[in-house]
Each structure stands twice: as structure tokens, then as C-alpha cells.
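Tertiary structure, described
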Amino acid sequence: MRPTAAGVTRALGLVAVLAVVGLLPWLSGRDPALTVLRARSAEQEPTEEALHAVRRDLGLDAGPLSLLGDWAFGLLRGDLGTSWVSGTDVMPSVASGLQVSLGLMAAALGVAVLLAVALVAPVVVRGRGSAGAFAAMAAALPEFLLATVGLLVCGVWLGWLPTSGWQGPEHLVLPAVALGVPAGGLLGRLVADALPAVLEERWVELWRGAGASRARVTAAALRRVLPPLVPQFGMVAVGLTGGAVAVETVFAVPGIGRTALGAARSQDLPLLQGAVLALLALGLVTGALAALVRRRLLGPALRDAGLALPPPRPVRAHPAVPAALAVVLLAAIGWGLLRDPYAVDTAVRLAPPSWANPLGTDGLGRDVLARLGHGAASTVGTATAVCLLSLAVGLALGFLPGAAAGAADIANALPPVIVGILVAAVAGPGTGGAALAVALVSWPPLAAHAAALVQEVRASAFLTAQRAIGASPLWILTRHVLPSVAAPVARHALLRLPGIALALASLGFLGLGAQPPAPEWGLLLDESRAYVERAPWAALAPAVALALLAGLAVSGAAYAQGRGARRAGRPPRRTVPAPRKEAADAVRGTAVGV
Amino acid sequence: MTDPLLDVRGLVVRYGPVTAVDHVSFTLDAGETLALDGPSGCGKSSTALAVLQLRRPHAGRVRFEGRELTSLTDRELRPLRPRMQPVFQDPYGSLSPRHRIRDAVAEPLKAQGRWNADDGPARVAELLEKVGLDPSSGDRRPHELSGGQCQRAGIARALACEPRLLVLDEPVSALDASVRAGVLNLLADLQDELGLGYLFICHDRAVVRHVADRVIEMREGRITSEWRPR
């Protein structure tokens, strides 16, 4: 088999990711010898001699290539090295963490399937309709937000369920729900939106006319819907590995995600390498499984294009919904921006909402509204930069669809959280690192959209006519190709802005993004968890703001989708872009992107 | 005897293993209409694209106004391209949906560096009038025009290049019968006025008889016969 461009870049991408993991100790640049020495014996003086001994012990003085070689060789023998902090083998920690995470993910998948069935059932019964706003909202809510709210409501206020640890089945409930609800919302939505259009296809009429029972028609329709959606299910599985990091952290579940995050924070790079490798393997294996299932369902003879789904009928949103959400958010942000987010007033710590502090104060007596407003400015600013960066990358790679497809496969298999952990391990946690991490994985849908448009424009007769008048390639590119491609892809990128902001917030929440005392939304939510019993409003404010942002993402995309459908329905106009697709992608992206 | 306007010798075009055009040769003089006739898939359009050098032929020579085109690089070819212009079958597809008719007609002048802010707009108006379009249609976009109007705009755009040869790839097949006659008459008038050579691809026998001076029949990439309608 001849290697394709996609195959080559996929292999290169995989090797690059593995090399980054393998070279972490060298890439991080900072001298870990000091960390290790402190961790091993707090009393020992950090003399040059002692540090040198540690470096030799860790093999850090040998240079990057030998480091990578040793790591890869150890990997082949199943040896992941020794923890710098505890001095024990990494393998058992990774194995036990993986075991716990797999249990959690299985439970979450159960929750997801139950929720998806509940969402699809009414559509199956009525034969029309769609999953509706609830599913879209469930799919857009980030796991860390659901986990925090679940912990607050069911664990702390109602006291029904334990909030941390991993001792019995009751410990499984809250984490599994927090992890499973977004996945289930997405799964249910995908199937429920595709089903009505399939039930309107000709063969259904024919089967009914031939006297096939309702159950048989429904079963056949479901079998028709599932194979084209399997790649999306693979994305859901990848989203679960990313979400697990946040959920395990919130509920103190000793899984692989929490292990990875802890290792990144304590600079225990061998343990981090092992844990990240396990998470990557989990993502790749589920992706491969999804491909296998798809092939089983389709049969080897059918080509992918042969079973494309009819476009789902769009869920229309009244423009007032996104407008109202935007106004509420902007008003709160604008008000907050006028106030000082850093002013510490220990006399009014954890004060309830009042006229002086409309949303109360936090543990240091800082005004929550001010921190919310300033946090939004920095989060949205960073998200805009990320958006522009991924737009530029997406447009550039749209002209190299073969090469981009392979790299996109790798980027799609990497949840932002894991990239965030890697970037933070290399460069230290910070806003720039978090932005880079999100940008690294948020370009593939934009590149795919750009590639489709470039292909469409290049195939059109008017481009041939351009060459015929003697126009130069640069003229054709700047006057015709780029304008046709850039505008719809830029709109698509704009729709992804709230999703990107949520991904940034989730990194902030995990301590991988903006650092205290910066007022970042994810960070605000994380800080408020410490005193959630005494000052629930401090936790509630960022949670509500994040939920509003998710709502804005969903309703904005649905509105654009409905508008696109109306425009496409107008007869003579030949619309080059496919806004429906981009909006649908954006809705999915908000869920997968976190 | 002077050189013919277009002299094609042994033209071969392949798509992978398929040979679409198999050693096709013909000549075309200025002021003459040569029709290429044949069933769909016989290589007519591939011949047209290869003559225009929009798809480089695998073998053979294309001599246009006494110059050999096949050996030229893309860059060397660019200044010569305006001299031979295509008109396509789909009147909407050959104009950018994003641009106004006025800009589409002005674009060849701009792309070739011949645009002049003083008399450029007047030249565009003159071209629109020449193809029988109302000057106000210059402000429209292609989807706001009828198929016949669009095809006229496409012809105006080709004329802006001041060509000697028009390669007309089924220019009226997508049009209604009444509109078709109007466009064919326009093409005949332009030929009389400007002395253009037409390579006219068409598989409508009635149209071919009406417009062509000579007809070449093609089948499976080869020329099978040549005849004169009058």
C-alpha cells in the first residue's frame, strides 16, 4: 500500500507527540534535580555535589537523544521508569489509576447511554422532532462545571452522596453522572437529530407499504443512522478521557487523570509520562475500536460516502435567546469591569450579596462581581486570540487537505486537558500555555471546513475562466479563493469562541492556565470550592456565568444554523458555504472541546 | 499562404489510463467557425481545454497565431492567454457569484494591468452594450440575471481580453430556444465585426448546421469525419 499524505502526517504527528512525552524531562528546561532532592530528603542541603548526584541518577546529564532512547527502550520492555518524588516504580501507579479510570468511564458511558436513550426515545415514538434544547445544553456543559455543581447540590447541601474518595459504589454516582451527562447529551443529540430525516427517506415508505412492522422499520432506521455517526462516538470517548481529569480532581477519585495532573503539579515527570501515555493510549484505542465497529456495521464493501446521512433539519432558535444571554453576560461583565478585582478587604470575607458587593465577596474579601467582570475580559480576550490562531492554521491547512487530515486525526484524539498538562509540564502553567494547548487542538474542524470550500472553489468553472484571462496565481488566490473561503470559515471560528472560552476555563480550573490572583473564570470556580459550604454564592456566580456562556454557545449556533437553512432554502442563490454544517460542528465542538 | 489562426497537430490528452483525445489535428482560420460535434464523452471538451492550455496535452502541438504554445511555461503563456478566450456551458458557473457583472467584465483589464481609471468604466459600459446588455445590469450579481444575460456577460468578459479566438464549449446548450437564437445571432454579429475565429463545441445538429463553416465529427477521442454544412 502506498503511503498517503494523511498517513504520513498521522504517523509523524503520533511520533511527535510520543517524542514530546519522552523528552519531557529535557524539554521542561528547568532543573528538576532541586525538586527531586527536596522531595527525597527535605533536610539535605542542595549543594552542587548533591544536585549533580541526583542529575546523574536521573540520567539528565546524558543529553536528549539518549534520554529519549532510554525511555523508548524501557517502554518496549514495559518499564515506565521510577517516580522522582516517591522513588517507586511508575508502572503500578499508572496501572491502578487506569483501572479506576476505566471503571469510572464505564459507569459514565452507562449514564451516557441511558441519557441518550431517554433523549432518542420520544423521537422514535413520534417519528419526528429532535433532541431539543435540553440535549444541546447537556452536551455543551463542561464536565468540571457539572462536577462542581453536583458536588455542591447533592453532596454538600442535600448530603445524599459522598463527595470524595473511591470506596464503594455510592462514590461512583456523582462522578459518573458529571462525566456521563455531557457525553450522553451529545450522543442522544446526534442520533435524535439524524433520525427524523432518515425516517423520511424513500425506503421507509416502501417498507411500510410492504407491511413491515413499526419496530422493524425503527430498528432498520437506527442501524442506518449509527455507522456514519461512529466517528463522532469516538470523539465522545476522547472527550471522556479529557473530562475524567477534571471530574477525578473534583471528587478526589484516584484515577489516571488525577494522577497525571498531580504529577504535573509536583514535577514528577516519569509518573506524568506514564499517565499521559496511558491517557493517549486510551484515546487511540477507543478511536480504533470506533473505526472497527463502523467497519463491522457497514461491511467492508461500502464506501464511506455511500452512507452519508441526510442533513438533519436544524433546530431553530429565536434570535432573542442568544441576544438575551449576551445582554445579561455583557451587563454583568461591564458592571464588574468598573470595579477593582484585586482589592482585599478582610473585614468582609465571604460576605453574602449586598448593595456594596452585588455578588458577595470571596475568601479574601474581594468583590466577586469585579473578579467575574475582569475574568471575562481576560478569558474572552485569550479565547479570541486562540480563535484567530486556529483560524489562521485552519485556513493555511485547508490548502493542504491531505497533510492536514492526518494531523487532524492526532489533534482530535488529544483532549485539550492532556495537551494543557503537557504544555504546562514543559513551560510551566500560565495563560499563554493554556492558550497554546487549546489552539493546538481546536483547528481541525476549521481546517476541514476550509478544505471543503477550497476544493469547491477550485473545481468551479469561474476559476478556470480566471486562468484563461491570464490572471496570475497570486491574483486568483487573493481575489477569488481566499475571499470565498475566509468569510465562512471566520464565521465558523466565531461560533466556536464560547466553546474555546469554556476549554480555557477548564484548564484554569485545573490550575493549568491563568495563575492566582488573576481573576479567570475557571480559577474563580476552583478557588470558591474551598469554602463552598459557607459561601455558596461565591461558587454559584462563576458557575452561573459559565452556564450562561454554554447557553450562548448553543443558542448562537442554533440561530446561525436556522438562518443558514433559511438562506439555503431560497431558490436561485447558490450558496458556497454550508452554514448548517459549521453551526452543527460548533455545537458539537463545545462539548468535545472541553 | 499565411499561417492559420490555430493549427493543432496530433493532440493527445489522457486522464490516468483513459485516452480522452487521441491524435486530433485540425486548423482554424480567422473569421471562421469550426464546429466540434460528437456524443458526450467523445473528447470535445478535453480538446477545448487542451487547445486553451488550461489542461496541458500529453502530446501534440498547438500553434496559435504562429506561436507554439505547448512548449511554453505557465509564466510565458500568461501574456498570450487573453488572445484565446473560453465561453463555458454553465452561464452561472463561469462568473464568480461574489462579484458584480461590472467587476467581472473589468477584471481581465485589471488582471492584465490594462485598467485605467479614466476610460476603464466607459470601456466596460461599451462592452456590455456590445453584447446587448443594459448598462444597469452591471450592478447586478450573476444570480440576479437570466441564463441568457449571464452568457452575454461571460462573452463581454471574454471580449474585454481583446481575443482573436473564442473557444465556445456548448455555449447555448443550457439556454431556452428563444434565448439561444439571440445569443447565436450575437456571436455571428461579433464574428463579422471583429473577425474572430470560433472553435464551437456543440452536439445539437441544428445549431451546428446554422453556425458552422466546417464540422469535425469526433468519436471516442478520434476525428471520424469532416464536412461542410453549406
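Just so we're clear, the structure is a prediction, and the values are computed from it rather than from any experiment. (Residues numbered from 1 in each chain as written. Chains lettered and ligands numbered in written order. Predicted model: local features only at pLDDT ≥ 70, side-chain atom pairs only at ≥ 80, totals over all residues.)

1. Digging into the overall build of chain B
Secondary structure assignment for chain B yields seven helices and 10 strands. For chain B, the C-alpha radius of gyration of 17 Å lies close to 17 Å, the compact-globule estimate for 230 residues. The C-alpha extent of chain B, read off along each of the three principal axes, is 45 × 40 × 40 Å. Looking at chain B as a whole, 44% of its 230 residues are labelled buried. Counting contacts in chain B only where the partners sit at least 6 residues apart, residues at least 24 apart contribute 69% of the total. (Helix = DSSP H or I, 4+ residues; strand = E, 2+ residues; numbered from the N terminus. Rg over C-alpha atoms; globule rule 2.2 N^0.38 Å. Buried ≥ 20, exposed ≤ 12 C-beta atoms within 10 Å, placed from the backbone. Contact = placed C-beta atoms within 7 Å.)

2. Observations concerning the overall build of chain A
Of regular secondary structure, chain A possesses 25 helices and zero strands. The buried share of chain A, reckoned over its 594 residues, is 48%. Counted over contacts in chain A with a minimum sequence separation of 6, partners at least 24 positions apart contribute 77%.

3. So, the nonpolar core
Counting residues in each nonpolar core, the largest one holds 159 residues, and the members touching the most others are A:Ala260, A:Leu272, A:Ala275, A:Val276, A:Ile421, A:Val438 and A:Leu504. Setting aside residues no more than four positions away along its own chain, A:Val438 makes contact with A:Val386, A:Pro416, A:Ile500, A:Ala503 and A:Leu504. B:Leu127, B:Val131, B:Leu145 and B:Tyr198 belong to the second largest nonpolar core, which has 71 residues in total. (Core = buried A, V, L, I, M, F, W, Y, C linked by C-beta atoms within 7 Å.)

4. With respect to helix H12 (residues 256–265) of chain A
Within H12(A), eight of the 10 residues are buried, which leaves it mostly tucked inside the rest of the structure. Those residues of H12(A) lying buried are A:Ile256, A:Gly257, A:Arg258, A:Thr259, A:Ala260, A:Leu261, A:Ala263 and A:Ala264.

5. Considerations on the sheet that holds strand E1 (residues 6–15) of chain B
The strands that make up a sheet pair up through hydrogen bonds in the backbone, lying either parallel or antiparallel. Residue and element names in this part refer to chain B. On the basis of which strands lie adjacent, the open sheet formed by four strands has the order E2-E1-E4-E5 and antiparallel pairing. Lying at the two open borders of the sheet, with one neighbouring strand each, are strand E2 (18–28) and strand E5 (67–68). Of the strand pairs in this sheet, E1 and E2 are connected by eight bridges, and their pairing is antiparallel. What sits directly across from Val 12, in E2, is Asp 22. (Pairing = 2+ DSSP bridges.)

6. A short note on the interface of chain A and chain B
Of the residues lining the interface, 19 residues belong to chain A; the matching set on chain B comes to 23 residues. Secondary structure elements with two or more residues in the side of chain A that touches chain B: helix H20 (461–468) and helix H21 (473–495) of chain A. Among the elements that take part in the side of chain A that touches chain B, H20(A) stands out by supplying six residues, more than any other. A per-class count over the side of chain A that touches chain B returns 10 nonpolar, six polar and three charged. (Nonpolar A, V, L, I, M, F, W, Y, C, P; charged D, E, K, R; others polar.)

7. What to know about the sheet that holds strand E8 (residues 197–201) of chain B
All names here are of chain B. In space, the six strands of this open sheet follow the order E6-E7-E8-E3-E9-E10, with mixed pairing throughout. Two strands close off the open sheet at either side, each with one partner strand: strand E6 (84–87) and strand E10 (222–227). Across this sheet, the average inter-strand angle for adjacent strands is 20 degrees, counted without regard to direction. Examined bridge by bridge, strand E3 (residues 33–37) and strand E9 (residues 214–219) share four bridges and lie parallel to one another. Bridging from a neighbouring strand, Ala 35 pairs with Val 215 of E9. (Axes fitted to C-alpha atoms, helices over the stretch in contact; angles between N-to-C directions.)

8. Here we look at unusual backbone geometry
Following A:Pro516, the chain continues to A:Pro517 via a peptide bond in cis, the omega torsion being 5 degrees. Structurally, the position occupied by A:Pro517 is in the loop between helix H22 (497–509) and helix H23 (521–528). At A:Ala252, a position not held by glycine, the phi torsion is positive, near 50 degrees. Secondary-structure assignment places A:Ala252 in the loop between helix H11 (214–250) and H12. The partly exposed category is assigned to A:Ala252, around which 14 C-beta atoms lie within 10 Å. At B:Glu170, a position not held by glycine, the phi torsion is positive, near 50 degrees.

9. A closer look at the packing of helix H15 (residues 368–398) of chain A against helix H19 (residues 444–459) of chain A
All names here are of chain A. The N-to-C vectors of H15 and H19 enclose an angle of 40 degrees; their axes lie 7 Å apart at closest approach. In terms of axis orientation, H15 runs oblique to H19. Relative to H19, H15 is oriented so that their crossing is right-handed. The residues of H19 that touch H15, namely those facing Ser 390, Leu 391, Gly 394, Leu 395, Leu 397 and Gly 398, are Leu 446, Ala 447, Ala 450, Ala 451 and Val 454. Residues belonging to the contact of H15 with H19 are distributed by class as follows: eight nonpolar, three polar and no charged. (Parallel < 35°, antiparallel > 145°, perpendicular 65-115°, else oblique. Left-handed = near helix turned anticlockwise from the far one by under 90°.)

10. Comments concerning the pairing of E1(B)
All names here are of chain B. Between the antiparallel neighbours E1 and E2 lie two residues, among them Gly 16 with a positive phi of about 60 degrees. In this sheet, strand E4 (residues 59–64) lies alongside E1 in antiparallel orientation, the contact comprising five bridges. Bridged to Val 8 within E4 is Val 62.

11. What to know about the domain arrangement of chain A
Many authors give the size of an interface as the accessible area that is lost as the parts come together. Residue and element names in this part refer to chain A. Each assigned domain of chain A is listed here: domain 1 (5–76), domain 2 (90–307) and domain 3 (320–568). Each of domain 1 and domain 3 has a C-alpha centre, and the two are 33 Å apart. With 13 residues of domain 1 in contact, the opposing surface of domain 3 contributes 10 residues. For the side of domain 1 that touches domain 3, the secondary structure elements donating two or more residues are helix H1 (5–22) and helix H2 (24–27). A per-element tally of the side of domain 1 that touches domain 3 places H1 first, with 10 residues. Looking at the side of domain 1 that touches domain 3 residue by residue, the classes come out as eight nonpolar, four polar and one charged. (Domains from an automatic or database assignment.)

12. A few points about the confidence of the model for chain A
Residue and element names in this part refer to chain A. Looking at chain A as a whole, its pLDDT mean stands at 78, while 85% of the residues score no less than 70. Taken element by element, the predicted model of chain A shows its lowest mean pLDDT in helix H25 (residues 579–592) (42) and its highest in helix H18 (residues 431–442) (89). This stretch, residues 568–594, has a pLDDT under 50; its non-local contacts, to residues over four places away or in other chains, come to 71 contacts. (pLDDT = per-residue confidence, 0-100.)

13. Considerations on the packing of helix H8 (residues 143–157) of chain A against H11(A)
All names here are of chain A. Packing of H8 against H11 brings their axes to within 8 Å, and their N-to-C directions diverge by 20 degrees. Comparing the axis directions of H8 and H11 gives the class roughly parallel. The two elements H8 and H11 cross, and the hand of that crossing is right-handed. Between H8 and H11, the residues in contact are Glu 143, Phe 144, Ala 147, Thr 148 and Leu 151 and Gly 243, Ala 246, Val 247 and Val 250, respectively.

14. Considerations on H22(A)
With 13 residues, H22(A) ought to run about 18 Å at 1.5 Å a step, and its terminal C-alpha atoms sit 18 Å apart, in line with that. Just past H22(A), the residue A:Gly511 takes up positive phi, approximately 80 degrees. (Expected span 1.5 Å × (residues − 1).)

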